[in-house]
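# Reading the structure
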Amino acid sequence: MLTNEELKKIYCGALYFEETEDGYLKANQYTKPQMEYFEKAFLMWFERCDASSAKTIEFTTEASKVSFDYKLIWKCSEDSIELVVDGLATEIVYLKGLDMEGSISWNLPEGKKNVTIYLPADATILVKNFDIDAAYEPIPKNEKVLWLGDSITQGYGPLRSSQTYVSVANRILNYDILNQGIGGYVYDKKSLMKMEGYNPDKIIVALGTNQYGDENAPQVVEEYYDTLIGIYGEDIPILCITPLWRGDSEDGLPTLIRFCEDIKRIVSKYKNIRVVEGFKLVPHLEEYYLDNLHPNCLGTEVYGRNLVEEIRKIGF
């Protein structure tokens, strides 16, 4: 059985860890000052900034079994805890009907394989007593990437933790990611704070769909990128993904399209920012969306793969 210190070495997506009095390991992706800001600003943001978004446990092994104890201390939409072996979803435990505290045990296929356990995107899970019945090794990661966004980036829509667009894209890109996506979030410069000890190699920003109708939205976008670059410098590569198509308000589409053009115009003045147009990433058909706003499993699969193609095309 792994100690919590050993578990940290294969636990991906955390800025830092805390251990509870009863021995559970809690992974956090925001600093305490950031979380204090969210608590004062909007309860929805505060709840979701504590979720286990894009957190994974990853290792290579010849083991035949893996198990762990869990505790859910908050949940919103009911997505899943998933086992993926060599890129293929193998076991899915849906949060619907799952006890708030318990144990999970999975048998693994024979031979050496890469194992990834996806933790819930819209719930907060604690883990302890993690056990692998054979030797294991951490999976090496590529660049360290800070991912900023709203509910789509956090992972709402597919209702499957391994099928968020970030998860889909990162199975290919293998970034060492810190996902700071929050449901309902907007371009808000006040949440951008220096995170001591954390220096990403790249930053991806996917925001805007929650504020495209605001009169001062362009000014807020510019202030956000000024603040972001003020913290991380003018040389760090930043990728701006403009908002996706949304079919929940046809009357609002012209405004959304103009806002996307505003974003492209604003970021064009920064030498270190590249743009990917969100309207080109997911088909404009309701079959690809949960609610004509958040992409479903089909939509996130297409989104993630198309995003990878764009990243490779522009050399980000």
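Whatever comes next refers back to the structure up there.
So, how was this worked out
- Residues numbered from 1 in each chain as written.
- Predicted model: local features only at pLDDT ≥ 70, side-chain atom pairs only at ≥ 80, totals over all residues.
- Heavy atoms only, no water.
- Helix = DSSP H or I, 4+ residues; strand = E, 2+ residues; numbered from the N terminus.
- Rg over C-alpha atoms; globule rule 2.2 N^0.38 Å.
- Buried < 20%, exposed > 50% of the residue type's maximum accessible area, 1.4 Å probe, protein only.
- Lys, Arg positive; Asp, Glu negative; His and termini not counted.
- Charge placed at Lys NZ, Arg CZ, Asp CG, Glu CD.
- Polar contact = N/O pair within 3.5 Å; in protein donor to acceptor, adjacent residues only side chain to side chain.
- Contact = heavy atoms within 4.5 Å.
- Core = buried A, V, L, I, M, F, W, Y, C linked by side-chain atoms within 4.5 Å.
- Disulfide = S-S within 2.5 Å.
- Axes fitted to C-alpha atoms, helices over the stretch in contact; angles between N-to-C directions.
- Left-handed = near helix turned anticlockwise from the far one by under 90°.
- Nonpolar A, V, L, I, M, F, W, Y, C, P; charged D, E, K, R; others polar.
- Pairing = 2+ DSSP bridges.

## Here's the deal with the overall build of the protein chain
Of regular secondary structure, the protein chain possesses eight helices and 16 strands. Taking 20 Å as the expected radius of gyration for a compact globule of 316 residues, we find that the protein chain reaches 19 Å, a close match to that expectation. When its C-alpha atoms are laid out on the principal axes, the protein chain stretches across 55 × 40 × 35 Å. Out of the 316 residues in the protein chain, the part that is buried amounts to 56%. Considering the protein chain, the positive charge centre built from 33 side chains and the negative charge centre built from 50 side chains are found 3 Å apart.

## Notes on the side chain of His-294
Mapped onto the secondary structure, His-294 falls in the loop between strand S16 (273–276) and helix H8 (297–314). Reaching out from His-294, the side chain makes a polar contact with the side chain of Ser-151 at a distance of 2.8 Å. Discounting residues that sit within four places of it in the chain, His-294 has contacts with Ser-151, Ile-152, Tyr-156, Gly-157 and Tyr-289.

## Remarks on the nonpolar core
Residues Tyr-187, Val-205, Tyr-225, Leu-228 and Tyr-303 are the most contacted members of the largest nonpolar core, which totals 67 residues. Here the element with the most residues in this core is helix H6 (residues 217–232); it accounts for eight residues. Sequence-distant contacts of Tyr-187, that is, excluding residues within four places in its chain, are made with Val-205, Leu-207, Gly-208, Gln-211, Val-220, Val-221, Tyr-224, Tyr-225, Cys-240 and Ile-263. In this structure, Leu-72, Leu-83, Trp-106 and Phe-130 belong to the second largest nonpolar core, which totals 30 residues.

## Brief notes about the state of the cysteines
A full pass over the atoms with the stated rule returns zero disulfides. Looking at the unpaired Cys-240, the closest cysteine sulfur is the one in Cys-260, lying at 9.0 Å. When its relative accessible area of 0% is taken as the criterion, Cys-240 is described as buried. The thiol of Cys-297 is not disulfide-bonded; the next cysteine sulfur, from Cys-76, is found 17 Å away.

## Let's talk about the environment of Gln-34
Within the secondary structure, Gln-34 sits in helix H2 (residues 32–41). When neighbours within four sequence positions are excluded, Gln-34 is seen to be in contact with Gln-180, Ser-191, Met-193 and Met-195. Among the polar contacts listed, one links the side chain of Gln-34 to the backbone oxygen of Ser-191, at a separation of 2.9 Å.

## Things to note about the packing of H6 against helix H7 (residues 253–267)
Contact geometry for H6 and H7: axes closest at 10 Å, N-to-C directions at 35°. Like other packed secondary-structure pairs, H6 and H7 cross with a definite hand, here right-handed. Contacts between H6 and H7 pair Ala-217, Pro-218, Val-221, Glu-222 and Tyr-225 from the former with Phe-259, Asp-262, Ile-263, Arg-265, Ile-266 and Val-267 from the latter. Tallied by class, the residues present in the contact of H6 with H7 amount to eight nonpolar, no polar and three charged.

## As for the sheet that holds strand S12 (residues 144–149)
Spatial ordering of the open sheet is given by S13-S12-S14-S15-S16, a layout of five strands whose pairing is parallel. With partners counted over all chains shown, the strands left at the sheet margins are strand S13 (176–181) and S16, one partner each. For this sheet the average axis-to-axis angle between neighbouring strands, irrespective of direction, equals 20°.

## Digging into the pairing of strand S4 (residues 56–61)
With six of six residues buried, S4 is to be regarded as a mostly interior element. Burial along S4 is two-sided: the face carrying Thr-56, Glu-58 and Thr-60 and the face carrying Ile-57, Phe-59 and Thr-61 are both buried. Examined bridge by bridge, strand S1 (residues 11–12) and S4 share two bridges and lie antiparallel to one another. Looking across to S4, one finds that Cys-12 is bridged to Thr-56. Here six bridges tie S4 to strand S9 (residues 113–118), and the two strands are oriented antiparallel to one another. In the strand pairing of S9, Thr-56 is matched with Tyr-118. As paired strands, S4 and strand S11 (residues 136–138) are joined by three bridges and run antiparallel to one another. For Phe-59, the partnering residue across the bridge sits in S11 and is Pro-138.

## Section: the side chain of Gln-211
Turning to its location among the elements, Gln-211 is positioned in the loop between strand S14 (202–206) and H6. Residue class for Gln-211 comes out buried when judged on its relative accessible area of 4%. At 2.6 Å, the side chain of Gln-211 and the backbone nitrogen of Tyr-187 are in polar contact. Look past the residues within four positions of Gln-211 in its chain and what remains in contact with it is Val-186, Tyr-187, Ala-217, Val-220 and Phe-259.

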